[in-house]
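# Chains, contacts and geometry: an overview
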Amino acid sequence: YLQACCTDEQLKQWLPKAQRLEVVGCYAQTELGHGSNVRGLETTATLLPGGEEFEVHSPSLSAIKFWPGTLGRSATHALVFARLC
């Protein structure tokens, strides 16, 4: 997934770490109340002042990420799908 979706700069930073399993990622799109319906996502992401970080907010029980694969066991990072605010 990294090789398909990253810029050359991002690949340089993340791919070696992923290949050494220093970084293990998961895909977090599915929400408990919405399944894989991306248009129904409740989770929001707000870019914080400074432009380097996002605040991610799941406002209700139905918005929790569900079935994120390795997230609960071994993931150190997640690709979180959310609505941009």
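The rules behind these values
- Residues numbered from 1 in each chain as written.
- Predicted model: local features only at pLDDT ≥ 70, side-chain atom pairs only at ≥ 80, totals over all residues.
- Heavy atoms only, no water.
- Helix = DSSP H or I, 4+ residues; strand = E, 2+ residues; numbered from the N terminus.
- Polar contact = N/O pair within 3.5 Å; in protein donor to acceptor, adjacent residues only side chain to side chain.
- Contact = heavy atoms within 4.5 Å.
- 1 Å grid on protein atoms, 1.4 Å probe; cavity = no way out; pocket = protein on both sides within 12 Å on 5 of 7 lines; lining within 4 Å.
- Points joined across faces, edges and corners; volume = space filled by probe spheres on them.
- Nonpolar A, V, L, I, M, F, W, Y, C, P; charged D, E, K, R; others polar.
- Pairing = 2+ DSSP bridges.

So, on to the side chain of K65. The topology assignment puts K65 in the loop between β3 (54-57) and β4 (77-80). Engagement of the side chain of K65 in a polar contact is seen with the backbone oxygen of Q29, the distance being 3.2 Å. At 2.7 Å, the side chain of K65 and the backbone oxygen of F81 are in polar contact. Residues contacting K65, with those up to four places away along its chain left out, are A28, Q29, T30, E31, L41, T43, V80 and F81.

In this section: the layout of surface pockets. Taken as a whole, the largest pocket spans an internal volume of roughly 860 Å³. What lines the largest pocket is a set of 20 residues, and nearest its centre among them are L2, H77, A78, L79 and V80. Secondary-structure elements contributing two or more residues to the lining of the largest pocket are α1 (2-5), α2 (8-19), β1 (25-28), β3 and β4. With four residues, β4 is the largest single contributor of residues to the lining of the largest pocket. Residue classes in the lining of the largest pocket are distributed as 17 nonpolar, three polar and no charged.

It is worth spelling out the sheet that holds strand β2 (residues 44-47) at this point. Sheet strands pair by backbone hydrogen bonding; their relative direction is either parallel or antiparallel. Across the sheet, three strands lie side by side as β3-β2-β5; this open sheet has mixed pairing. Looking along the sheet, the strands with just one partner apiece sit at the ends: β3 and β5 (83-84). Sheet topology places β2 next to β3; four bridges connect them, and they run antiparallel. Among the inter-strand pairings, T44 is bridged to a residue of β3, identified as H57.

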